[in-house]
Amino acid sequence: MKHNITLIPGDGIGPEITEDTVKVVEATGVDINWDIVNAGAEVYEREGTVLPQSVIDSLKKNKVGIKGPITTPVGTGFRSVNVMMRKLFNLYACVRPCKSYPGVRSKYSDIDLVIVRENTEDLYAGIEFECGKNETAELIDFIKDKKDIQVRKDSGISIKPISIGACENIIRFAFEYAVKNNRKKVTCVHKANIMKYSDGLFLKVFKEIAPEYNEIESEDRIVDNMCMQLVQKPKLYDVMVLPNLYGDILSDLAAGLIGGLGVAPGGNIGKEIALFEPTHGSAPKYKGENKVNPIAMMLSAVLMLRHIEEDRCADLLESAIAQNIKEGKFVTYDMKPSRDDLTAVGTSEVADAVVEKIKLLKV
Ligand code: NAD
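Quick notes on the rules
- Residues numbered from 1 in each chain as written.
- Predicted model: local features only at pLDDT ≥ 70, side-chain atom pairs only at ≥ 80, totals over all residues.
- Heavy atoms only, no water.
- Helix = DSSP H or I, 4+ residues; strand = E, 2+ residues; numbered from the N terminus.
- Rg over C-alpha atoms; globule rule 2.2 N^0.38 Å.
- Contact = heavy atoms within 4.5 Å.
- Buried < 20%, exposed > 50% of the residue type's maximum accessible area, 1.4 Å probe, protein only.
- Pairing = 2+ DSSP bridges.
- Axes fitted to C-alpha atoms, helices over the stretch in contact; angles between N-to-C directions.
- Domains from an automatic or database assignment.
- Buried area = accessible area lost by both parts, 1.4 Å probe.
- Salt bridge = Lys/Arg side-chain N within 4 Å of Asp/Glu carboxyl O.
- Polar contact = N/O pair within 3.5 Å; in protein donor to acceptor, adjacent residues only side chain to side chain.
- Nonpolar A, V, L, I, M, F, W, Y, C, P; charged D, E, K, R; others polar.
- Parallel < 35°, antiparallel > 145°, perpendicular 65-115°, else oblique.
- Left-handed = near helix turned anticlockwise from the far one by under 90°.
- Phe/Tyr/Trp six-rings, centres within 6.5 Å; stacked < 30°, edge-to-face > 60°.
- Lys NZ or Arg CZ within 6 Å of the ring centre and 35° of its normal.
- Expected span 1.5 Å × (residues − 1).
- Arc of directions from axis to C-beta.
- Core = buried A, V, L, I, M, F, W, Y, C linked by side-chain atoms within 4.5 Å.
- Near = heavy atom within 4 Å.
- Areas by Shrake-Rupley, 256 points an atom, 1.4 Å probe, with all protein chains shown as cover.

(A) Representation of the overall build of the chain. Counting secondary structure elements, the chain contains 12 helices and 12 strands. Relative to the 2.2 N^0.38 estimate, which gives 21 Å for 363 residues, the radius of gyration of the chain is 21 Å and therefore close to what a compact globule would have. Principal axes of the C-alpha set define a box for the chain whose edges measure 70 × 50 × 45 Å. Sequence-distant contacts, at least 24 apart, represent 75% of the contacts inside the chain between residues at least 6 apart.

(B) Layout of unusual backbone geometry. Backbone geometry places Asn 90, a non-glycine residue, at a positive phi of 45°. If you trace the backbone, Asn 90 turns up in the loop between α4 (81–88) and β4 (93–99). Take Asn 90: its relative accessible area is 39%, and that puts it in the partly exposed class. Despite not being glycine, Ala 283 has its phi angle at roughly 30°, a positive value.

(C) View of the sheet that holds strand β10 (residues 239–242). Spatial strand order, β2-β1-β3-β12-β11-β4-β5-β10-β8-β9: 10 strands in an open sheet with mixed pairing. Strands at the two margins of the open sheet, each flanked by one partner only, are β2 (32–36) and β9 (217–222). Taking the axes of each pair of neighbouring strands and ignoring which way they run, one obtains an average angle of 25° across the sheet. When strand β8 (residues 185–190) meets β10, the two strands line up parallel, connected through three bridges. Residue Cys 188 lies in a different strand from β10, and its bridge partner there is Val 241. α4 rests against β1 (3–8), β3 (64–67), β5 (112–118), β11 (267–269) and β12 (274–276) of the sheet, and its axis sits at about 170° to β3.

(D) Local environment of the domain arrangement of the chain. When cut into domains, the chain gives domain 1 (1–92 + 264–363), domain 2 (112–121 + 162–257) and domain 3 (123–160). The distance between the C-alpha centroids of domain 1 and domain 2 comes to 26 Å. Both sides of the domain 1 and domain 2 interface together cover about 820 Å² of buried area, and 56% of this is carbon and sulfur. When residues of domain 1 are sorted by the area they lose upon contact with domain 2, Arg 86, Tyr 92 and Thr 279 head the list and together hold 61% of the total. Inspection of the domain 1/domain 2 interface yields zero salt bridges. Along the contact surface separating domain 1 from domain 2 lie three residue pairs in polar contact (both at pLDDT 80 or more). When contributions to the side of domain 1 that touches domain 2 are tallied by element, the ones reaching two or more residues are α4 and β11. Broken down by class, the residue content of the side of domain 1 that touches domain 2 amounts to four nonpolar, three polar and three charged.

(E) Focus on the packing of helix α6 (residues 164–180) against helix α7 (residues 199–209). Remark: α6 packs on α7, axes separated minimally by 9 Å, with the N-to-C direction vectors making an angle of 50°. Our classification of the angle between α6 and α7 gives oblique. Relative to α7, the crossing made by α6 is right-handed. Each of Ile 164, Cys 167, Glu 168, Ile 170, Ile 171, Arg 172 and Phe 175 in α6 lies in contact with α7, whose residues at this interface are Leu 201, Phe 202, Val 205, Phe 206 and Ile 209. A class-by-class count of the residues in the contact of α6 with α7 yields 10 nonpolar, no polar and two charged.

(F) Representation of the packing of aromatic side chains. Under the counting rule described, the total for this entry stands at four aromatic pairs. A centroid spacing of 5.0 Å and a plane angle of 10° characterise the contact between Phe 175 and Tyr 213, whose relative ring orientation is stacked. Within this pair, whereas Phe 175 is found in helix α6, its partner Tyr 213 is found in the loop between α7 and β9, the two being separated by 38 residues in sequence. Pair check on accessibility: Phe 175 and Tyr 213 agree, each one buried. Counting every residue linked through ring pairs, the aromatic cluster contains Phe 175, Phe 206 and Tyr 213. Above the ring of Tyr 124, the side-chain terminus of Arg 117 is found at 5.0 Å from the ring centroid.

(G) Structural view of helix α9 (residues 244–257). With 14 residues, α9 should cover 20 Å at 1.5 Å per step; its first-to-last C-alpha distance of 20 Å lies within 8% of that length. For α9, the set of buried residues is Asn 244, Tyr 246, Gly 247, Leu 250, Ser 251, Ala 254, Ala 255 and Leu 257. Take α9 and look down its axis: the buried residues cluster within an arc of 165°, on one side only. Positive backbone phi, approximately 115°, marks Gly 259, located one or two places after α9.

(H) Local environment of the nonpolar core. Grouped together as the largest cluster of nonpolar side chains are 91 residues, with contacts concentrated most on Ile 171, Val 241, Leu 305 and Leu 317. Looking at which domains feed residues into this core, each of domain 1 (1–92 + 264–363) and domain 2 (112–121 + 162–257) supplies at least three. Residues contacting Leu 305, with those up to four places away along its chain left out, are Val 25, Val 30, Ile 32, Glu 310, Asp 311, Cys 313, Ala 314 and Leu 317.

(I) Structural view of the site of the ligand. Taken together, 21 residues sit near the ligand, with Ile 70, Thr 72, Gly 281, Ala 283 and Asn 293 positioned nearest. Between the ligand and Ile 70 there is a distance of 2.8 Å, counted from an oxygen atom to a backbone nitrogen or oxygen. The side chain of Glu 277 places a nitrogen or oxygen atom 3.0 Å from a nitrogen atom of the ligand. Look at the ligand: alone it shows 810 Å² of surface, and the protein chains cover 71% of it. Broken down by class, the residue content of the shell around the ligand amounts to eight nonpolar, eight polar and five charged.

The following block contains the structure:
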């Protein structure tokens, strides 16, 4: 069956890892028509928009996409295209499996965690009040009036909305994922002891929904404790469900357990549309250097192939990547014992090696 898939190369290192990912996906024999469109900082310079209509139309039509990372300049009015797309298409679940592949250099082995991050609200809602603006002063007066709390007048303010509806969606998603993928436990991560009406609501909804899935164990952890637990005893955990910001932070922590951002894949999934992407960003300093690791993006393609029910091609690609990591010969600098290891290969050489492995696995 032919699949139409939206392909967004992105910024920085995005185009090179995307090109190599297409190469290895095609080597599996899956029949894909790539609908190539682009979004991000570099498109903005040419077209005056970070998210052209062509990208929106393509995803609406194809329902499935894969993207490279997109740059969001820090501390400017430039909104994150990633956040915009997640909200626009209601890609409410960000799924990030963090699995150890033998051969990866890490202090840990046999890690098999899944982060399920809420993607549409929390401090990522973009409700921001800039320090010194009239509207910010009005909000500070409103808080004094309603809550009798004096926020300093020289403050900037970010608002953290958490709704029952979004909590229900993500928590059900986490349990359904656990059932479908033969997982044993879902851990709810929060800071409900401090943020009683936002994280408290997340925890309340979790406790209401958990009994519906009595075959899956459920528990909760406060986010700071969870960080320590993951470093000390990561094998105690299985699927974790988190509000947006904690999900973002713990995704990188979990990526650190399995060998770094270079091997951490992800998918943003909604009821209609799914968009797969690595956990890492656009690493602009490495742009065009054929240096960074394409494996996180390739593993995101494995998730995409499973999503479109091309399991045989997904297994083939994942096995080829795993074999390549295990042999450790054709891997980038971040997978070597030292960052300046002269035996490290470039991005495209990793792709060539994975293609060769796929060919061998096919015969
Ligand atoms: P980053 O993930 O780009 O880089 C963090 C570190 O990880 C860097 O030291 C980089 O060298 C290394 N790294 C990242 N990807 C790697 C790879 N494939 N192989 C080897 N090493 C890799 O994070 P950052 O520097 O905080 O962000 C850069 C830009 O990316 C920012 O504009 C940020 O907003 C954006 N970003 C985008 C996404 C996305 O598109 N989903 C996600 C995160 C960050």
